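# Structural overview for review
Chain by chain, the residues:
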Amino acid sequence: MISMEKAVRWFDSAQTPLHELGTQADAVRKKWSGDAVYYNINAHINPTNVCQYRCALCAYSCDSDSPRAYRMELDEILQRAEDAEKAGCTEVHLVSGVDPRLPYGWYLEMVREIHRTFPTLLIKAFTAVEIAWMAEISGKSLQRVLAELREAGLKTLPGGGAEILVDSVREKICARKPMSEVWLEVHRTAHRLGIPSTATILYGHLETWEDRVQHLFRLRELQAETGGFLALIPLAFHPGATVLGKENALRRTSAEEDLRMIAISRLILDNFPHIKAYWISLGIGTAQTALAYGADDLDGTVRQERIHHDAGSQTPQCLTVEELCQLIREAGRIPVERDSLYRPVIRS
Ligand code: SF4
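What comes next concerns the included structure. (Residues numbered from 1 in each chain as written. Predicted model: local features only at pLDDT ≥ 70, side-chain atom pairs only at ≥ 80, totals over all residues. Heavy atoms only, no water.)

## Details of the overall build of the protein
Defined as follows: Labels follow the DSSP assignment, with helices taken as runs of H or I lasting at least four residues and strands as runs of E lasting at least two, numbered in each case from the N terminus. Residue burial is assigned from relative accessible area. The probe radius is 1.4 Å, only protein chains are included, and a residue is buried under 20% of its type maximum, exposed over 50%, and partly exposed in between. Think of it this way: Lys and Arg go in the positive column, Asp and Glu in the negative one, and His and the chain ends go nowhere. Throughout, a charge is located at the NZ atom of Lys, the CZ atom of Arg, the CG atom of Asp or the CD atom of Glu.
Tallying secondary structure elements over the protein gives 15 helices and ten strands in all. With the C-alpha coordinates aligned to their principal axes, the bounding extent of the protein is approximately 50 × 50 × 40 Å. Taking all 348 residues of the protein together, the buried fraction comes to 61%. Separation of charge centres in the protein, based on 40 positive and 46 negative side chains, amounts to 2 Å.

Laid out in structure tokens, this is it:
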């Protein structure tokens, strides 16, 4: 078991050269995935950007009276799901702001209708923050809410909203939304119900190296308990358009730091099957390089993502399958299309 002190030293480039970390992390990756690098064909749908929490880290959300505010009607959401299905997607990834005007039934109906109309699309939906909110407004337990969503067609939870699972940091970057124990409890409950999930870590803002390590250790502990996490997605913070970035004069992390974060995640979370290099957040070049630093997944084609682009991500809105496969082959690996549950997709 890696000690907290040793893991913190890995973040110090003066003490630990990046290539050493990369070599160790690559060996862990190889044990899990061999030469395979996964991608999926998916579409993101962000039904509303209205959010009551207005986290300092977030450039996507706004108040309901803002000129930027939007909310998709169910017809529009279904139209996007239809476009996704026609484009060959196996997954729709739905996350939103938390709009207090939306009733619990809105969430259930959305999942039920997508699942009923497009049964081949796997539904990955709702951050732990949204799930906790649904429990609050419905007066139901987390277990009941998750069971009802599963019944409606939910297959897996995305890992968003984890940010840093250290409450003293959350107080500064996302003070009004639920604290770390709630995030962990939502995922624990989902895993117990047989709903797998992913996790994220948002780094490159006010957190220390110790905070990053603590976050990863908490995830490792929960995974040892439930085994329900499929992957970790390290997300580089894009400070540009955020209050947090402006007030603290934050700069985007370097490629060195991004690769170090991927490698350390792979080493600490050796009980997670996959580490994702999310090209939307890292940029395409760094994401491709991350395949030699412990990552075994490039996420997907990602149509119409809003959250990271509103924060200033300069990546394109979509990569084609050919582009993704070329990136993987250039890195000396074998592209494998997967679905949301990491099952290989065989296309005729
Ligand atoms: Fe809302 Fe999520 Fe943005 Fe926070 S990060 S304001 S919870 S959409």
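What follows continues from the structure just given.
## Re the packing of aromatic side chains
For any pair of aromatic rings, geometry is given as the distance between the ring centres together with the angle between the planes. Note the threshold: Pairs were defined over the aromatic rings of Phe, Tyr and Trp, the Trp ring being its six-membered one, requiring ring centres within 6.5 Å. Orientation was assigned from the angle between planes: stacked under 30 degrees, edge-to-face over 60, tilted for the rest.
Tallied over the full model, the rule gives six aromatic pairs. An angle of 15° between the planes, with centres 6.3 Å apart, marks the rings of Phe-11 and Trp-209 as stacked. Of this pair, Phe-11 sits in the loop between α1 (4-10) and α2 (18-33) while Trp-209 is found in helix α9 (residues 209-226), placing the two residues 198 residues apart along the sequence. Since its relative accessible area comes to 5%, Phe-11 is described here as buried. Its relative accessible area of 34% is what places Trp-209 among the partly exposed residues. Seen in terms of ring centroids, Trp-183 and Phe-229 are 6.2 Å apart; in terms of plane orientation they differ by 15°. Their pairing is stacked. Of this pair, Trp-183 sits in helix α8 (residues 180-192) while Phe-229 sits in strand β7 (residues 229-236), and the two are 46 residues apart along the sequence. Clustering of aromatic rings is evident, with ring pairs tying together Trp-106, Tyr-107 and Phe-126.

## Overview of helix α11 (residues 255-268)
Worth spelling out the cut-off: Here, expected helix span is obtained from the residue count minus one, scaled by 1.5 Å.
Its 14 residues place the ends of α11 20 Å apart at the C-alpha level, agreeing with the 20 Å of an ideal helix rising 1.5 Å per residue. Counting buried positions along α11 gives eleven out of 14 residues, so the element sits mostly inside the fold.

## Some remarks on the environment of Gly-105
With respect to the helices and strands, the residue Gly-105 is situated in helix α4 (residues 104-117). Taking the C-alpha atoms as reference points, Gly-105 and Pro-158, separated by 53 residues in sequence, lie 20 Å from one another.

## Some points on the sheet that holds β7
Filter applied, for reference: If DSSP finds at least two bridges between two strands, the strands pair. Contacts are assigned to residue pairs with any non-hydrogen atoms lying within 4.5 Å of each other. To get an axis, fit a line to the C-alpha atoms, keeping to the stretch in contact for a helix; angles then go from 0 to 180 degrees between the N-to-C directions.
Taken in spatial order, the three strands line up as β6-β7-β8 in an open sheet, and their pairing is parallel. With partners counted over all chains shown, the strands left at the sheet margins are β6 (197-203) and β8 (274-275), one partner each. Inspection of the sheet shows β6 paired to β7 by seven bridges, in the parallel sense. Among the inter-strand pairings, Thr-198 is bridged to a residue of β7, identified as Ala-231. Where α8 meets the sheet, it contacts β6 and β7, and its direction lies at approximately 160° from that of β6.

## Looking at the pattern of salt bridges
As a reminder, the rule being used: The rule for a salt bridge is simple: a side-chain nitrogen of Lys or Arg has to be within 4 Å of a carboxyl oxygen of Asp or Glu.
Counting across every chain of the model gives 27 salt bridges. The partner of Glu-257 in a salt bridge is Arg-212, and the shortest N-O contact between them spans 2.8 Å. Of this pair, Glu-257 sits in helix α11 while Arg-212 is found in helix α9, placing the two residues 45 residues apart along the sequence. Note on Glu-257: relative accessible area 25%, which makes it partly exposed.

## Section: helix α5 (residues 128-138)
Burial analysis of α5 places eight of its eleven residues in the buried class, the great majority of the element. Buried residues of α5: Ala-128, Val-129, Glu-130, Ile-131, Ala-132, Trp-133, Met-134 and Ala-135, and no others. Immediately downstream of α5, the backbone of Gly-139 shows phi near 70°, a positive value.

Purely spatial values, then, with no claim about function.
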